[in-house]
Amino acid sequence: QVLLVESGGGLVQAGGSLRLSCAASGIIYNINTMGWYRQAPGKQRELVGSITRGGMTNYAGSARARFTISRDNTPNMLFLQMNNLKPEDTAVYYCQANREGRTFWGQGTQVTVSS
């Protein structure tokens with residue numbers, strides 16, 4: 001019911017910055033909390049940060065000092081500003097949305113940080 005498409009990933013050197021975007025389409029009214037997750041090869045998918053419709057944010061400890069999550073409610077857009085990137089940030093980054101008790105995921109965008 002909710003289609004999420006991420007963009008903005010790519011290759012960046014350590015210490016650089018990227019800004020990820022997520023566009024929501026389909027049945028998008030009543031979308032509540034949205035978030036960014038990431039998954040590296042062979043590892044579990046982990047929370048990067050989340051944000052409620054009202055703008056309350058929550059971050060994983062590893063991301064708190066360097067990443068900033070934000071959103072626009074009209075249209076439904078989610079953003080992740082990533083600064084001072086490190087090689088360990090390399091992963092596929094996924095956009096998530098919650099609507100009426102259901103969870104939706106995007107297909108992900110690859111972020112690769114070189115040494």
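If you're wondering where the values come from, they're calculated on a predicted model, not measured in any experiment.

Where do I start with the overall build of the protein chain in this structure?
Across its full length, the protein chain carries zero helices and 11 strands. When the helices and strands of the protein chain are read in sequence order from the N terminus, they spell out β-β-β-β-β-β-β-β-β-β-β. Burial statistics for the protein chain: of 115 residues in total, 41% are counted as buried. Sequence separation of 24 or more characterises 53% of the internal contacts of the protein chain that already satisfy a separation of 6 or more. Of the roughly 5,900 Å² of accessible surface on the protein chain, a fraction of 50% belongs to carbon and sulfur atoms. Distance between charge centroids for the protein chain: 3 Å, based on 11 positive and 6 negative side chains.

Is there a simple way to explain the pattern of salt bridges in this structure?
Close approach of charged atoms allows side chains with opposite charge to pair. Counted by the stated rule, this structure contains five salt bridges. Among the ionic pairs, E46 bridges to R38, the shortest N-O distance being 2.8 Å. Exposure remark for R38: the relative accessible area of 8% places this residue in the buried category. We note a salt bridge from D89 to R38, for which the minimum N-O separation is 3.0 Å. Taken together, the residues D89 in the loop between strand 8 (77-82) and strand 9 (91-99) and R38 in strand 4 (residues 31-39) connect sequence positions 51 residues apart. R38 shares its class with D89; the two are buried. Linked by salt bridges that have partners in common, R38, E46, R66 and D89 make up one network.

Quick question: what am I supposed to make of the sheet that holds strand 1 (residues 2-7) here?
Hydrogen bonding along the main chain pairs the strands of a sheet, whether they run parallel or antiparallel. Overall, antiparallel pairing links the four strands, which are arranged 1-3-8-7 in an open sheet. Edge strands, defined here as strands with exactly one partner in the open sheet, are strand 1 and strand 7 (67-72). The mean inter-strand angle of the sheet, taken between neighbouring strand axes irrespective of direction, is 15°. Across six bridges, the pairing between strand 3 (residues 18-26) and strand 8 is antiparallel. Bridge pairing in strand 8 places L18 opposite M82.

Could you clarify how one ought to interpret the nonpolar core in this entry?
What tends to happen in soluble globular proteins is that the nonpolar side chains get buried as a cluster. Counting residues in each nonpolar core, the largest one holds 28 residues, and the members touching the most others are L4, W36, F67, L78, L80, M82 and Y93. With residues near it in sequence (within four places) discarded, L80 still touches L18, R19, L20, W36, V48, F67, T68, I69 and Y93.

Cut-offs and rules
- Each chain carries its own residue numbering, running from 1 in the written order of its sequence.
- Note on the predicted model: pLDDT of at least 70 is required for a residue's local features to be given, and 80 or more for side-chain atom pairs to be given and counted; whole-chain, interface and lining totals, by contrast, use all residues.
- With hydrogens and water excluded, all non-hydrogen atoms of the structure serve as input to the side-chain values.
- Counting from the N terminus, the helices are DSSP H or I runs at least four residues long and the strands are E runs at least two residues long.
- Classification of residues uses two cut-offs on accessible area relative to the type maximum, computed with a 1.4 Å probe and protein chains only: under 20% is buried, over 50% is exposed, and between them is partly exposed.
- Here, two residues are considered to be in contact whenever any of their heavy atoms come within 4.5 Å of each other.
- Accessibility throughout is a Shrake-Rupley quantity obtained with a 1.4 Å probe, and a residue counts as covered only by protein chains that appear here.
- Counting rule applied: Lys, Arg positive; Asp, Glu negative; His and chain ends not counted.
- One atom stands in for each charge, and that atom is NZ of Lys, CZ of Arg, CG of Asp or CD of Glu.
- What counts as a salt bridge is simple: a side-chain nitrogen of Lys or Arg found within 4 Å of a carboxyl oxygen of Asp or Glu.
- Strand pairing is assigned whenever DSSP detects at least two bridges linking the two strands.
- Orientation is described by axes fitted as lines to C-alpha atoms, over the contacting stretch for helices, and by angles from 0 to 180 degrees between their N-to-C directions.
- The nonpolar core is taken to be a set of buried Ala, Val, Leu, Ile, Met, Phe, Trp, Tyr and Cys residues, with the residues joined through side-chain atoms within 4.5 Å.

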